[in-house]
Amino acid sequence: MKKCRLIVFILFLSMLILQGCDNYKKVNNVNQKDSKPVATGKIMKTTPGVDDNNTMNLMLHSPLDINLLPLYLEGLKNSDPKIKWYSCYKMINYYSNTEKHDEIKNALKALLNDSNKSITDSAKFVLSIFEKSFNGEGFSKSPNGKYIAFHGFGETIYNDGICYIYIVEKDFINGFDNSYVSIGGLRWSPDGNILCISHGGRLWSSISFIDMKNSKTFTPDVHNYINKNQKKLGYMIGKWGRPDPNTSFIEWSPDMRKVLLSYSFTDDNRVGQKGLCVYNLEQAKIEKIIKLGQYEEDHPSIEKPDNFKW
């Protein structure tokens, strides 16, 4: 009885952390041995104190002192539906523990007929990862067939912000947590080497890129760029406390060296402003800002003008 209460307490505490804590900048490897999350192979992490637009450094993380897999396996059997649902997604972190694959899959299969749809959906989603079928809308497969991107907790309004990328040739999963807060969408470049991640919160949205081929990450901070160059651009921002900045993806350039983004925000006069941004992936910098004027609606529709040229 005491053991069960301890399990419930730890899992409940974990859910509170998922729902209420801010993410911190890190990139974790999901491959593990001996049931403990350890970092093996290539792990990418942005250098502390340096802009995001830099090549990621190779670094290793130490194993965690506590092995939580037995607790999550017990959580799959718990009577509380929230604990079962949460434990389903935590199984992703133990994908490379091949010795436990059968036990994990059997535990997930036992939930496929659960009366709670959220539990059956999460169990089906995670089971497709362990069975390497990757079926469902939650998986974004690269055009070149080399990678499959996904994230957990898809039923929630805001997920945990961790982007997983499965490397097909290596049967290997990397977990990227770059303070995304909550992932809204995943999109691959036409050649399948760069992943575009839409992320944000209730009042803002942004874009990040992961270049799998060159081990680089990019986060075009469009709003910060506009803030620094507001005089040259003819904007007034920085004093109004609710700019609600939003950055969205529009398209890749034909050579995939650049991307076209849209932006919107509320200026110091509480007037909505919108426009386009050309971001150079090769040089990791904003190349051009194209102002498109004011807007009054809550969520402006921003499209590429007919006369736009790369």
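**Brief notes about the overall build of the protein**
Across its full length, the protein carries 7 helices and 17 strands. Within the protein, buried positions represent 48% of all 310 residues. In the protein, of all internal contacts separated by at least 6 residues, the share reaching a separation of at least 24 is 50%.

**So, the pairing of strand E12 (residues 205-211)**
Among the 7 residues of E12, 6 are classified as buried, and the element is accordingly described as predominantly covered. With 7 bridges connecting them, strand E11 (residues 194-200) and E12 associate as antiparallel partners. Paired with Ile 194 across the two strands is Asp 211, which belongs to E12. Counted along the chain from E11 to the antiparallel partner E12, the turn is 4 residues long. Of the strand pairs in this sheet, E12 and strand E13 (residues 216-218) are connected by 3 bridges, and their pairing is antiparallel. The residue bridging Asp 211 from the neighbouring strand is Lys 216, located in E13. The hairpin turn running from E12 into E13, its antiparallel successor, is 4 residues long, and Ser 215 in that turn takes a positive phi close to 55 degrees.

**Observations regarding the side chain of Gln 273**
Within the fold, Gln 273 resides in strand E16 (residues 272-280). Residue Gln 273 is classed as buried on the basis of its relative accessible area of 9%. Within polar-contact distance, the side chain of Gln 273 engages the side chain of Asp 267 at 3.1 Å. Apart from residues no more than four positions distant in its own chain, Gln 273 is found in contact with Tyr 235, Tyr 263, Ser 264, Phe 265, Asp 267, Gly 293, Gln 294 and Tyr 295.

**What to know about the pairing of E11**
Burial analysis of E11 places 6 of its 7 residues in the buried class, which makes it a mostly covered element. Pairing geometry for strand E10 (residues 183-188) and E11, over 5 bridges, is antiparallel. The residue bridging Trp 188 from the neighbouring strand is Leu 195, located in E11. With antiparallel pairing between neighbouring strands as the criterion, E10 and E11 make up a hairpin whose turn holds 5 residues, including Gly 192 at a positive phi of roughly 80 degrees.

**Topic: the packing of helix H3 (residues 81-90) against helix H5 (residues 117-130)**
Running from N to C, H3 and H5 point in directions that differ by 15 degrees, and their axes come no closer than 9 Å. If you check the angle between H3 and H5, you find them roughly parallel. Read as a crossing pair, H3 and H5 show a hand that is left-handed. From H3, Pro 81, Lys 84, Trp 85, Cys 88 and Tyr 89 reach across to H5, where they touch Ser 118, Ile 119, Ser 122, Ala 123, Phe 125 and Val 126.

**Points about the pattern of salt bridges**
In total, this model carries 9 salt bridges according to the counting rule given. Put simply, Lys 117 and Asp 121 hold a salt bridge, and the shortest N to O gap is 2.6 Å. With Lys 117 and Asp 121 both in helix H5 and 4 residues apart, the pair spans about one turn of that helix. Lys 117 gets classed as exposed once you look at its relative accessible area, which sits at 59%. Note that Lys 304 is salt-bridged to Glu 251, the shortest N-O span being 3.1 Å. Of the two residues, Lys 304 is situated in the segment after strand E17 (285-295) and Glu 251 in strand E14 (residues 246-252); the sequence distance between them amounts to 53 residues. According to the relative accessible area criterion, Glu 251 is partly exposed, its value standing at 22%.

Cut-off values and rules
Residues numbered from 1 in each chain as written. Predicted model: local features only at pLDDT ≥ 70, side-chain atom pairs only at ≥ 80, totals over all residues. Heavy atoms only, no water. Helix = DSSP H or I, 4+ residues; strand = E, 2+ residues; numbered from the N terminus. Buried < 20%, exposed > 50% of the residue type's maximum accessible area, 1.4 Å probe, protein only. Contact = heavy atoms within 4.5 Å. Pairing = 2+ DSSP bridges. Polar contact = N/O pair within 3.5 Å; in protein donor to acceptor, adjacent residues only side chain to side chain. Axes fitted to C-alpha atoms, helices over the stretch in contact; angles between N-to-C directions. Parallel < 35°, antiparallel > 145°, perpendicular 65-115°, else oblique. Left-handed = near helix turned anticlockwise from the far one by under 90°. Salt bridge = Lys/Arg side-chain N within 4 Å of Asp/Glu carboxyl O.

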